[in-house]
Amino acid sequence: MAQPVPVLVTGGAGYIGSHAVLALLDAGWPVAVIDNLTTGFRFAVPDGVPFYEGDVADADLLARIFAEQGTRAVMHFAGSIVVPESVSDPLKYYLNNTVKSRALIEAAVAAGVPHFIFSSTAATYGIPSVPAVTEETPTVPINPYGWSKLMTERMLADTAFAHPLNYCALRYFNVAGADPQGRSGQSTAGATHLIKIAVEAALGKRDSVQVFGTDYATPDGTGVRDYIHVSDLASAHVLALEALIDRADRSLTMNCGYGRGFSVFEVLDAVDRVTNLKLTRVVSPRRPGDADSLVSDPARLKATLPWVPRHADLDGIVADALQWERKLAELRG
Ligand code: UFG
């Protein structure tokens, strides 16, 4: 098995990046973080982890970090993630997710960093016509967010062909929950994600939860998604890095999900169960660009990595999200 090497986590003060930092530390890897704190939080980076406040497109800073830390792998989470915003401000997404990724990849190649893990998305598939999405399902994004990530995947593939670097693109389905030990969670204000919104409502931060559409082609008419616990996702990153180190001649693209879908109503039922409340549901029009159902086929992930999901239970995902939301309320006073 691969020995730990120094890892630079970009966006390590953000939601998924901070959980990757925890997973790496828990597994004994030396970690440093770069984050410009636009959407991340300094408190999300554990004490003792070298922290660089700055931009992933800052070539001088990157060269300094790689030299100081002896970096052998990059995990790249920094970027913009709000799909509707990518429609209204596409150039922001092509800058933050594509152009800046290009600069980071270039810096990694220049410093001879041999391994690169990229935070990609199921949004690269657009609205797939299959019940379970494999990596062979055509990638036809329906918004600039998906395109901005897919372009970076393409850059990595071409770079890996030309230079001594291998990469893994992980295409996330719906990431939710929080560190079960309460060390991190989703902290961004103005959340749009269903489970985050529902736990905010459970704590009285919202009066109700809107249900965006009840006329989808799904069993109960509401949108179906494959919710994956952020800690299971983080552990997949550590295993993916081991796989890259073990087989330097191979790059990987893999879906990250559990391969099962829950409807909006099923998620809200879980929140009601966990909180012992009955959240007010307000049936609202469809949100533009939402697919009926988006569920992964995680066969490649399971066949390639020794990945064992430990937090797949939906009620557990909700309970962890709720625990973090309570802690966040305390942190913010
Ligand atoms: N939903 C509601 N009410 C809400 C919020 C969401 O009914 O207040 C519904 C949506 O319509 C959808 C489901 O809950 O059916 C999940 O919506 P989210 O906003 O939580 O997540 P999305 O599936 O829209 O998007 C997520 C990520 C994207 C990523 C995409 C890829 O946020 O970054 O998954 O699948 F691109």
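Since the model is a prediction, treat every value here as computed from it, not as a measurement. (Residues numbered from 1 in each chain as written. Predicted model: local features only at pLDDT ≥ 70, side-chain atom pairs only at ≥ 80, totals over all residues. Heavy atoms only, no water.)

(A) Main features of the site of the ligand. Around the ligand, the structure places 21 residues, and the nearest of them are His193, Gln210, Arg225, Arg287 and Asp290. In the environment of the ligand, an oxygen atom lies 3.4 Å from a nitrogen or oxygen atom belonging to the backbone of Thr192. A distance of 2.9 Å separates an oxygen atom of the ligand from a polar backbone atom of Phe212. Here the ligand, which alone exposes 690 Å², has 91% of that area covered by the protein. For the shell around the ligand, the element with the most residues is strand β8 (residues 209-212), which contributes three residues. Residue composition of the shell around the ligand, grouped by class: 12 nonpolar, six polar and three charged. For the shell around the ligand, the two domains that each supply at least three residues are domain 1 (7-177 + 227-256) and domain 2 (194-225 + 259-296 + 310-331). (Near = heavy atom within 4 Å. Polar contact = N/O pair within 3.5 Å; in protein donor to acceptor, adjacent residues only side chain to side chain. Areas by Shrake-Rupley, 256 points an atom, 1.4 Å probe, with all protein chains shown as cover. Helix = DSSP H or I, 4+ residues; strand = E, 2+ residues; numbered from the N terminus. Nonpolar A, V, L, I, M, F, W, Y, C, P; charged D, E, K, R; others polar. Domains from an automatic or database assignment.)

(B) Geometry of the sheet that holds strand β14 (residues 293-294). Taken together, the three strands give an open sheet; going across it, the order is β12-β9-β14, and neighbouring strands pair in mixed fashion. Every other strand in the sheet has two partners, leaving β12 (262-263) and β14 as the edge strands with one partner each. The pairing of strand β9 (residues 224-225) with β14 spans two bridges and is parallel. Along β14, the bridge assignment pairs Arg225 with Leu294. (Pairing = 2+ DSSP bridges.)

(C) Up close: the domain arrangement of the protein. Per the domain assignment, the segments of the protein are domain 1 (7-177 + 227-256) and domain 2 (194-225 + 259-296 + 310-331). A straight line from the C-alpha centre of domain 1 to that of domain 2 covers 26 Å. On the side of domain 2, 21 residues touch domain 1, which itself brings 19 residues to the contact. For the pair domain 1 and domain 2, the summed buried area comes to about 1,600 Å², and 67% of that belongs to carbon and sulfur atoms. Per-residue buried area on domain 1 facing domain 2 is highest for Tyr227, His229 and Asp232; these three make up 43% of the total on that side. Our enumeration of links across domain 1 and domain 2 arrives at zero salt bridges. The tally of links between domain 1 and domain 2 comes to five residue pairs in polar contact (both at pLDDT 80 or more). Looking at the side of domain 1 that touches domain 2, the elements with two or more residues in it are β7 (174-176), β10 (227-229) and α7 (230-246). (Contact = heavy atoms within 4.5 Å. Buried area = accessible area lost by both parts, 1.4 Å probe. Salt bridge = Lys/Arg side-chain N within 4 Å of Asp/Glu carboxyl O.)

(D) Inspection of empty space enclosed by the protein at higher detail. Throughout the structure, instances matching the rule amount to one cavity of 30 Å³ or more. Taken as a whole, the largest cavity encloses approximately 60 Å³ of empty space. Taken together, Ala13, Gly14, Tyr15, Ser18, Thr39, Phe41, Ala44, Ser184, Gly185, Gln186, Ser187 and Thr188 make up the lining of the largest cavity. Here the residues of the lining of the largest cavity are counted per class, giving four nonpolar, eight polar and no charged. (1 Å grid on protein atoms, 1.4 Å probe; cavity = no way out; pocket = protein on both sides within 12 Å on 5 of 7 lines; lining within 4 Å. Points joined across faces, edges and corners; volume = space filled by probe spheres on them.)

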